[in-house]
Amino acid sequence: MMKKHSKLVLNAIAVHSVAIFCLSLMLFVAKWFPYGNFITRLQQWLYRVF
Amino acid sequence: MVSLWKFYHKVTAMALQGFLSFIATTALFLLFYGMGSFFLRKTHVRFDDPLLHFCISIGLGLGAIGNAIMAACFFQLAHPLIIRLALASLFVAVVPEIRRQKNELIGIGKSLLSLIKSSGFLVGSGLIVLVVGYLCLGLLPPTDFDGLMYHLAVVKLWLAHGGFFSVYFNPQADFPMLTEMIYMIGLAFGNDIICKSISFGLGIVLLCAIALVCKTYCGNKRLAVPAVLVFLTFTNTIANMSDCNVDIAQALWTLLAVFCLDLFIESHKRRYALCTGFFAGMAMQTKIFGIFVLVILFVQGIMAWKGSVDRKKILQGLVIIGSIAVFCGLPWYVKSFLNKATILSMNSDVLIEHDFNSPLGIETHNTFIFLLINTVGRVVSSFWSFTLFLRQHRADSFGPLLLVILPFACFVKIPRKVKTLFVCAVAYFASVLVMEMAFLQSGSSIRYSTFVMVVAAPLIAWTISQLSEYPRLKKMLQTMVVVMVLLGTALFAKRYHHEWKAIATNMSRDAYMASVLPEYSVIQAVNSLKDNAVVMPIYNFSNYLIDVPYITAYRNYATVQELKKDFQEKNIRYIFANNTLDTSANANAFPQIDNKKCIASANGFYLFKVCLDDF
């Protein structure tokens, strides 16, 4: 049973979820499967930015 | 004949130990179940759900035996022979009860199997593969960092001593240790693989409890298999489930306390309050963070109190629960306080040089801004920081699924029971955050929040199941879950590649230990010392594996004379440089001692003989 809600909020949360998923997927792969220089460099850049 | 014996020995290298451990652990869990079931029958406490009855029975039996061993330790009666005889007698005594419950056990097994079958071939077989993988890990000797450092190391010393004494040289020796009392059974039988199998067994009971959450709280038992799969592939679970840790046990007792409190709230029967108090006490006896169970139960109780017509009974129940829980936890906390004058871990003088007080976040000289950033900022950003950034210890994180999926629960109607789960998870997480602010400024480990992940797994499955009005969104979230489960499975396979190799090639115990512990060959050299002198490991890492008398470095020395006097008084003649975190420091251990001779070294670890006369 869905509640009444703003579609904008739902979309915002969906976008947030996709962003978080992609980001953490990348960090997960970089941490546990560090076989690519590209991901490692991207991870280092992310840590600098955040 | 000789070659036949060699063949037999080769085939049974570790396989026989593993097989015997499996039999012993099964018997032990049957004993817990039989005892718990007996208590419940005699006290006329009934749980309608057979799976809940199973989990509660095991919990009660384990708690009773753990507390009995704890009492034996207080009275210096914890000798291997006494423990073995007592358990054998108890097992014989509960055999009739186990036989009485045989049909119920078979029924539970059948219903779990049909649940797995109904989840489809791929999902079901994925679950079975993972569970078998965890079982295989549980049948190997313990090699985990914390287990070797104190979970097993301290218990081994207590068992050799016949009971509790102040292990002043191990800073973690006075943590509450109910689970370790159960691990002591394995050591009393001379087989430490049983300790790991017990940990695996507790993990299986926790999986049953997660299935129960899906059935009774989320109202859909078909969510059980996906929820269990999600839980099994969390990095935190992969790291902890088959190790000699206590976080899985703490989460299990906390969850059972939540179950029992809900039953008390619904029925107002005092016997459920007694069960709640006992399980809350077990959580407190298991780990210091088990105290958070009181926060959860308090919040749960307040929610019930607000909507109840019989508020007095709820209040009485909460008082009973709190009193029993504190009574159960008290012996451990009093012991800690008497031995160490604190119930927390003490940072010994010579432990790793690390600034334990350096806080996370931006450092500033302005106190107000400092507090603002470090407190409010950390609380607000905690969901993201726990999800994205690697935490202390095993550099672990929650993984993305909690933050990605659970916010969508705001868009669906949440039933009261599911709301209870959310509230429990939030109450526990808030307690972890408060603890971080107050005590652990450098951050906490994800495994302290295992309870949050236990509750989150069914909630993730439930939230997705409620999004049927948004098929595209639902499909997207399902895909994310599948990706994370597959990645978690790949990580599980990768992380334990030494273990798979050890099982596949039926390695000997020594060969396996040497393959995963670089310091093992030096530890073998330590154990081969015959002069009865005391060895001083620099750190308490791998202390469990040392069989000769040892005192871990426990203080700093102002002068060489002071050091010499202490070494002479304690008959310390060897130094084991065993810093696994920075092996480069090992070669220069105790630089003030000029005259020390290296008698064994490997992979950056050293065993020095100290000549006290020539300081």
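Reading the values: rules and limits
- Residues numbered from 1 in each chain as written.
- Chains lettered and ligands numbered in written order.
- Predicted model: local features only at pLDDT ≥ 70, side-chain atom pairs only at ≥ 80, totals over all residues.
- Helix = DSSP H or I, 4+ residues; strand = E, 2+ residues; numbered from the N terminus.
- Buried ≥ 20, exposed ≤ 12 C-beta atoms within 10 Å, placed from the backbone.
- Rg over C-alpha atoms; globule rule 2.2 N^0.38 Å.
- Axes fitted to C-alpha atoms, helices over the stretch in contact; angles between N-to-C directions.
- Left-handed = near helix turned anticlockwise from the far one by under 90°.
- Contact = placed C-beta atoms within 7 Å.
- Nonpolar A, V, L, I, M, F, W, Y, C, P; charged D, E, K, R; others polar.
- Domains from an automatic or database assignment.
- Expected span 1.5 Å × (residues − 1).
- Pairing = 2+ DSSP bridges.
- pLDDT = per-residue confidence, 0-100.
- Core = buried A, V, L, I, M, F, W, Y, C linked by C-beta atoms within 7 Å.

1. Topic: the overall build of chain A
Here is step 1: Tallying secondary structure elements over chain A gives 2 helices and 0 strands in all.
Here is step 2: Looking at chain A as a whole, 12% of its 50 residues qualify as buried.

2. So, the overall build of chain B
Here is step 1: The secondary structure content of chain B amounts to 27 helices and 4 strands.
Here is step 2: Scaling as 2.2 N^0.38, a compact globule of 615 residues should have a C-alpha radius of gyration of about 25 Å, and chain B matches this with 25 Å.
Here is step 3: Going through the 615 residues of chain B one by one, you find that 45% of them count as buried.

3. Quick notes on the packing of helix α10 (residues 193-217) of chain B against helix α13 (residues 247-267) of chain B
Two quantities define a packed helix pair, namely the angle between the axes and the distance from one axis to the other.
All names here are of chain B.
Here is step 1: For the pair α10 and α13, interaxial distance at closest approach is 9 Å and the crossing angle is 35 degrees. When you trace α10 past α13, the crossing you get is left-handed. For the pair formed by α10 and α13, the contact residues are S199, L202, G203, V205, L206 and A209 on the first element and I248, A249, A251, L252, L255 and L256 on the second.

4. A short note on the interface of chain B and chain A
Here is step 1: Taken together, the contact pairs 18 residues of chain B with 17 residues of chain A.
Here is step 2: Going through the elements one at a time, α18 (382-388), α20 (401-405) and α23 (471-495) of chain B are the ones with two or more residues in the side of chain B that touches chain A.
Here is step 3: Considering every element that reaches the side of chain B that touches chain A, the biggest residue donor is α23(B), with 4 residues.
Here is step 4: Partitioning the side of chain B that touches chain A into residue classes produces 14 nonpolar, 2 polar and 2 charged.

5. A look at the domain arrangement of chain B
Here is step 1: Parsing chain B into structural domains produces domain 1 (13-244 + 470-516), domain 2 (246-347), domain 3 (352-466) and domain 4 (517-614).
Here is step 2: Relative placement of domain 2 of chain B and domain 4 of chain B: their C-alpha centres are 43 Å apart.

6. Here we look at the environment of B:F567
All names here are of chain B.
Here is step 1: Summarising the element assignment, F567 is placed in helix α27 (residues 560-570).
Here is step 2: Overall, the presence of 21 C-beta atoms within 10 Å leaves F567 in the buried class.
Here is step 3: Here the alpha-carbon distance between F567 and V610, two residues 43 residues apart in the chain, equals 9.5 Å.
Here is step 4: With sequence-adjacent residues up to four places away left out, F567 is seen in contact with I572, V610 and L612.

7. Some thoughts on helix α2 (residues 15-42) of chain B
Here is step 1: When the terminal C-alpha atoms of α2(B) are compared, their 40 Å separation across 28 residues agrees well with the 40 Å that a helix rising 1.5 Å per residue should span.
Here is step 2: After α2(B) finishes, the residue B:H44 shows a positive phi value of roughly 55 degrees.

8. As for helix α3 (residues 50-74) of chain B
Residues and elements named next belong to chain B.
Here is step 1: The end-to-end C-alpha distance of α3 is 36 Å, a good match for the 36 Å that 25 residues give at a rise of 1.5 Å each.
Here is step 2: In terms of burial, α3 is a largely internal element, 18 of the 25 residues being buried.
Here is step 3: Following α3 by one or two positions, Q76 adopts a phi angle in the positive range, close to 55 degrees.

9. Some thoughts on the pairing of strand β4 (residues 605-610) of chain B
All names here are of chain B.
Here is step 1: Counted residue by residue, β4 has 5 buried out of 6 residues, so it is predominantly covered.
Here is step 2: Sheet topology note: the strand β2 (residues 572-577)/β4 ladder contains 4 bridges and is antiparallel. Within β4, the position partnered with A577 by the bridge is Y606.
Here is step 3: Note that strand β3 (residues 596-602) and β4 share 6 bridges and pair antiparallel. Bridge pairing in β4 links C598 to F608.
Here is step 4: Linking β3 back to β4 in an antiparallel pair, the connection comprises 2 residues, with N603 at a positive phi of about 50 degrees.

10. Considerations on the sheet that holds β3(B)
Residue and element names in this part refer to chain B.
Here is step 1: Read across the open sheet, the 4 strands follow the order β1-β2-β4-β3; overall the sheet is mixed. The sheet terminates laterally at β1 (534-537) and β3, the two strands that pair on one side only. Adjacent strand axes in the sheet meet at a mean angle of 25 degrees when their direction is disregarded.

11. Observations concerning the pairing of β1(B)
Looking along a regular strand, one sees the side chains alternate between the two faces of the sheet.
Here is step 1: The pairing of β1(B) with β2(B) spans 4 bridges and is parallel. Pairing of B:P537 across the sheet is with B:F576, part of β2(B).

12. Comments concerning the confidence of the model for chain B
All names here are of chain B.
Here is step 1: For chain B, mean pLDDT is 89; residues scoring 70 or higher make up 92% of the total.
Here is step 2: Considering only residues more than four positions removed or in separate chains, one finds that residues 349-362, a stretch of pLDDT under 50, has 25 contacts.
Here is step 3: Of the two predicted TM-score estimates for the complex, the pTM is 0.91 and the ipTM is 0.81.

13. Some words on the nonpolar core
Here is step 1: B:M184, B:A209, B:I210, B:V228, B:L252, B:L256 and B:A257 are the most contacted members of the largest nonpolar core, which has 191 residues in total.
Here is step 2: With 17 residues, the single largest contributor to this core is α10(B).

14. Overview of the packing of helix α8 (residues 153-161) of chain B against helix α9 (residues 178-188) of chain B
All names here are of chain B.
Here is step 1: Contact geometry of α8 with α9 gives a least axis separation of 10 Å together with a crossing angle of 60 degrees. Between α8 and α9 lies a crossing of right-handed hand. Residue-level contacts link V155, K156 and L159 of α8 to E180, Y183, M184, L187 and A188 of α9.
Here is step 2: Among the residues making up the contact of α8 with α9, the classes are represented as 6 nonpolar, no polar and 2 charged.

15. Section: unusual backbone geometry
For residues besides glycine, phi is generally negative; the peptide bonds are generally trans as well.
Residues and elements named next belong to chain B.
Here is step 1: Positioned with a positive phi, H268 is a non-glycine residue whose angle comes to about 60 degrees.
Here is step 2: Structurally, the position occupied by H268 is in the loop between α13 and α14 (270-286).
Here is step 3: By C-beta crowding, H268 is classed as partly exposed, having 16 other C-beta atoms within 10 Å.
Here is step 4: At F590, a residue that is not glycine, the phi angle is positive and equals roughly 45 degrees.
Here is step 5: Mapped onto the fold, F590 is located in the loop between β2 and β3.
Here is step 6: Residue class for F590 comes out partly exposed when judged on the 19 C-beta atoms lying within 10 Å of it.

16. Overview of the environment of B:V432
Residues and elements named next belong to chain B.
Here is step 1: Following the sequence through the fold, V432 ends up in helix α21 (residues 416-438).
Here is step 2: Taking the C-alpha atoms as reference points, V432 and C136, 296 residues apart in sequence, are found 32 Å from one another.
Here is step 3: Aside from chain neighbours lying at most four places away, what touches V432 is S444, Y448 and S449.

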